[in-house]
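# Architecture at a glance
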Amino acid sequence: MKRRSFIQLSLYSGAAITISSFGCGTASEVANKPWVQPQLLSHICDAKTVREIGVRYREKFNNENHEKQLINILLTDSTNKVVPVTSEEAVINSLLEQKIQKDFETGNTVIIKGWILSVTEARQCALFSLTQN
Amino acid sequence: MHVDARMIDSGSLIEGDVCIVGAGAAGISMALEWINTPHKIILLEGGGFEYDPLVQELYAGKTTGQPYYPLKSARLHYFGGTTGHWAGYCSPFDEIDFIKRDWVPHSGWPITRKDLDPFYARAQKNPELGPYEYDVAYWQQHDPALISLPLDEKVVWNKMWQFSPPTQFGVKYKDAIVKAKNIHLYTYANVTDIKANENVSSIEGVTIKNHAGKTHRVKAKYFVLACCSIQNARLLLAANSQAPKGLGNDNDNVGRYFMEHLELKSAELHLARPNPLKLYMIDFGVTKARAELAITKEKQEEHKILNGTVSLTPLEFTKNLKPMIEIWKDDDPRKNLDSMLSAFQKAGQEAASISPEITNKSFELFTRIEQAPNPASRVTLDRDKDALGVPRAMLHWELTAFEKRSIRTIYELIGQQVGIAGIGRVKLMEFLEDANDHSWPSFAGAGWHHMGTTRMSDDPKNGVVDANCKVHGISNLFTAGASNYVTAAAPNPTLTVIALTLRLSDHLKQRIKSKT
């Protein structure tokens with residue numbers, strides 16, 4: 001893994017975590033990555049709805065209103081390590097799937113536009129709304 | 001035998017051992033229990049064998065509080081009662097419904113589910129249900145296509161319903177009642193007053209009237225009011241010539257704690273892959289049993305919520321269906337029924353052209369939830385009187401924030417479980433999005449289930465009747481039906497009405513036996 005420099009970011013919950021600024025990527029880098037759109041939700045909602053959920057999420061948690069920040073949070077694993085944005089699609093999908101599952105199991109859910117969502121997939125929606133204008 | 005009370009001489013004295021007032025699910029079930037016994041049973045029905053607008057009008061009354069259906073059309077006033085147009089949904093109350101729950105004020109029956117179990121088993125017969133089996137596994141053994149949603153059973157369980165054809169008691173049991181030598185059915189016999197002895201410790205008789213101008217008296221050893229919750233309370237409150245607050249009302253409990261099942265669409269379930277969810281679907285007239293989603297006792301306690309269930313119906317069907325509170329607006333129940341059936345038919349036709357791939361992906365989640373017992377939700381008397389001189393009933397239906405919080409929590413729990421299972425997502429309706437919003441949407445409706453106006457309690461200060469449905473302080477007056485309920489549970493009330501009635505019937509037989 002490349003050298004990392006760490007910055008502090010505050011999550012909506014108020015907790016602070018350390019994330020990499022190198023592995024995070026930019027909007028243009030992730031715009032066409034399938035994982036930007038939450039997988040299961042994409043089976044039941046159209047892109048417009050996903051985008052609207054994302055916009056509402058960012059309104060509700062306006063300290064999570066930046067692409068890099070969202071990418072970093074999404075790609076941070078359970079040990080606080082960041083999976084590089086350049087990783088294989090399957091690796092990232094697996095990470096996100098695990099995070100979503102854990103969110104539901106631990107009650108880390110959020111209600112956005114009526115949808116009962118894992119916080120992780122809500123953040124995916126938020127990222128989607130920023131990258132897919 | 002049958003007598004039309006309009007056709008006998010005014011001033012007739014009718015005498016019997018037991019007088020049952022009201023011939024609906026409770027009254028008829030009670031009468032059936034006494035056929036071929038040595039006892040003379042007087043069964044009084046206010047209407048005839050068919051719908052009569054004049055008689056139906058006696059049920060008219062005002063409502064305040066939460067918007068409600070017109071009282072005049074919320075029940076049927078003829079032989080068979082409201083089974084004349086019911087949907088046939090039956091399920092027993094849960095164990096938790098009978099116990100005292102610290103988080104539900106005024107909860108706790110003086111009887112348990114175990115006490116009622118043998119009567120539930122017997123009650124299956126009258127509405128022509130299947131075996132007394134409400135375990136999902138039983139029905140799955142008979143039909144492997146009844147597959148449960150893969151949700152954690154420690155949180156969400158499948159509560160089974162069985163469906164009556166639906167049996168119209170007035171049609172099904174008319175012959176049995178009329179042909180029974182010891183059952184004396186009087187139609188057009190509206191009770192307008194109840195007379196007690198001098199110290200109001202027992203009932204001596206009731207007065208009956210009809211639109212033909214005939215007035216008769218009925219004397220019996222025992223009286224059972226089986227007129228449904230609003231009318232039971234109305235009769236007790238109106239019988240105030242000897243007890244100024246009404247019979248059985250020394251502690252101001254008669255008419256209070258009126259409960260309904262709050263019924264309203266609340267959320268949507270969207271599946272990632274189409275699934276017909278046969279276990280949860282109903283095909284009227286065909287389906288014998290189906291499941292609704294319910295929250296376990298442990299989770300109800302943990303989250304301090306009311307008991308409710310969630311039914312699933314394809315969204316493609318329900319999206320074209322108006323809420324019942326908007327359909328059932330007329331004073332004439334027949335017109336309402338026609339409107340409802342035509343709305344169902346239209347919605348069904350529109351959904352029929354949609355492919356199963358779409359129909360089986362999205363479902364409306366519809367709540368049926370108990371109302372917390374609330375003394376301010378009540379039936380009182382109006383100054384206005386009906387054509388027979390009885391003060392009309394007034395209903396103040398009052399909900400609280402507790403019901404709404406419970407509904408929201410139920411869907412949060414189901415939404416979480418659906419997420420864990422990875423099968424889809426749940427979407428709340430807008431009225432549930434804000435946890436701090438305690439208002440109700442305009443489409444919030446009810447199940448036409450009137451309960452709780454003569455609630456059961458061992459303590460006269462907290463209830464109108466005791467555990468045997470006897471009115472406190474009056475030795476020979478009983479109430480049958482849902483007015484006795486302490487809490488409303490989630491299921492439609494009819495099966496429990498019948499079970500409680502059979503229990504009361506056994507009690508009365510025992511009581512009579514012990515006195516001879």
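Residues numbered from 1 in each chain as written. Chains lettered and ligands numbered in written order. Predicted model: local features only at pLDDT ≥ 70, side-chain atom pairs only at ≥ 80, totals over all residues. Heavy atoms only, no water.

### Describing the overall build of chain B
To keep it simple, the criterion reads: Every helix listed is a DSSP run of H or I at least four residues long, and every strand listed is a run of E at least two residues long, numbered separately from the N terminus. For each residue, the accessible area found with a 1.4 Å probe, counting protein chains only, is set against the maximum for its type, and the residue is called buried under 20%, exposed over 50%, and partly exposed in between. In this description, contact between two residues means that some pair of their heavy atoms is separated by no more than 4.5 Å.
Secondary structure summary: chain B contains 16 helices and 19 strands in total. Along the longest, intermediate and shortest principal axes, the C-alpha atoms of chain B span 70 × 45 × 45 Å. Within chain B, buried positions represent 63% of all 516 residues. For chain B, long-range pairs separated by at least 24 residues make up 76% of all intrachain contacts whose partners lie at least 6 apart in sequence.

### Details of the interface of chain B and chain A
Basically, it comes down to this: By convention, the term buried area covers the 1.4 Å-probe accessible surface removed from two parts as they join, with the contributions of both added. Each salt bridge in this description consists of a side-chain nitrogen of Lys or Arg and a carboxyl oxygen of Asp or Glu lying within 4 Å of one another.
Contacts between the two partners involve 19 residues from chain B and, on the opposite side, 18 residues from chain A. Between chain B and chain A, a total of about 1500 Å² is buried, with carbon and sulfur atoms accounting for 64% of that surface. Where chain B meets chain A, there are 1 salt bridge. The partner of A:Glu121 in a salt bridge is B:Arg425, with the nearest N and O atoms 2.6 Å apart.

### Re the confidence of the model for chain B
Inclusion rule: Confidence scores labelled pLDDT are given residue by residue by the predictor and lie between 0 and 100.
Looking at chain B as a whole, the pLDDT averages 97, with 100% of positions reaching at least 70. Complex prediction metrics read pTM 0.93 and ipTM 0.92.

### With respect to the environment of B:Ile8
All names here are of chain B. Within the secondary structure layout, Ile 8 lies in the loop between strand 1 (2–4) and strand 2 (13–21). For Ile 8, a relative accessible area of 21% gives the class partly exposed. Distance in space between the C-alpha atoms of Ile 8 and Ala 351 is 54 Å, their sequence separation being 343 residues. Leave out the neighbours within four places in its chain, and Ile 8 touches Val 3, Ile 14, Tyr 186, Lys 214 and His 216.

### Some points on the pattern of salt bridges
Pairs can form between side chains of opposite charge once their charged atoms are near each other. All names here are of chain B. Here the structure, examined in full by the defined rule, presents 28 salt bridges over all chains. The residue Asp 382 makes a salt bridge to Lys 62 at a minimum N-O spacing of 2.9 Å. Here the residue Asp 382 occupies a position in strand 15 (residues 378–385), and Lys 62 occupies one in strand 4 (residues 62–65), the gap between them amounting to 320 residues. Take Asp 382: its relative accessible area is 12%, and that puts it in the buried class. Its salt-bridge partner being Asp 386, residue Arg 234 comes within 2.6 Å of it at the nearest N-O pair. Here Arg 234 is found in helix 9 (residues 229–238), whereas its partner Asp 386 is found in the loop between strand 15 and strand 16 (391–397), with 152 residues between them in sequence. Judged by relative accessible area, Arg 234 falls into the buried class, the value being 5%.

### Observations regarding the side chain of B:Glu316
Residues and elements named next belong to chain B. Keep this limit in mind: Counting of polar contacts relies on pairs of N or O atoms within 3.5 Å, with two restrictions inside protein: one atom must be capable of donating a hydrogen and the other of accepting it, and residues adjacent in sequence are counted only when both atoms are side-chain atoms.
Tracing the chain through its elements places Glu 316 in helix 11 (residues 315–318). A polar contact of 2.8 Å, which involves the side chain of Glu 316, links it to the side chain of Lys 319. The residues contacting Glu 316, other than those within four sequence positions of it, are Ala 351, Ile 354, Ile 358 and Thr 359.

### With respect to the packing of aromatic side chains
All names here are of chain B. Filter applied, for reference: Here is the rule: rings of Phe, Tyr and Trp (six-membered ring for Trp) pair when centre to centre is within 6.5 Å. Planes less than 30 degrees apart are stacked, more than 60 are edge-to-face, and the remainder are tilted.
Scanning the model with the defined rule gives 21 aromatic pairs over all chains in all. Geometrically, the ring pair formed by Phe 49 and Phe 79 is edge-to-face, given 5.2 Å between the ring centres and 75° between the ring planes. A residue pair is termed long-range when its members are at least 10 positions apart, and Phe 49 in the loop between strand 3 (41–44) and helix 2 (53–56) and Phe 79 in the loop between helix 3 (71–74) and strand 5 (89–90) qualify at 30 residues. Between Phe 93 and Trp 109 the ring centres are 6.3 Å apart and the planes differ by 85°, which places this aromatic pair in the edge-to-face class. One end of the pair, Phe 93, is in the loop between strand 5 and helix 4 (95–98); the other, Trp 109, is in the loop between helix 4 and helix 5 (113–123), and 16 residues separate them in sequence. Using a relative accessible area of 0% as the deciding quantity, one classes Phe 93 as buried.

### Re the sheet that holds strand 4 of chain B
All names here are of chain B. The condition that has to hold: Any two strands with at least two DSSP-identified bridges between them are counted as paired. Angles shown run from 0 to 180 degrees and are taken between the N-to-C directions of axes, each axis being a line fitted to C-alpha atoms and, for helices, limited to the stretch in contact.
If you walk across this open sheet you meet the 3 strands as 4-16-15, and the pairing is mixed. Edge positions in the sheet fall to strand 4 and strand 15, since each of these pairs with one other strand and no more. The average undirected angle you get between the axes of adjacent strands in this sheet is 30°. In terms of strand pairing, strand 4 meets strand 16 through 4 bridges, oriented parallel. By the bridge assignment for strand 16, Gly 65 is matched with Trp 397. Across the sheet, helix 9 touches strand 15 and strand 16, and the angle it forms with strand 15 is around 60°.

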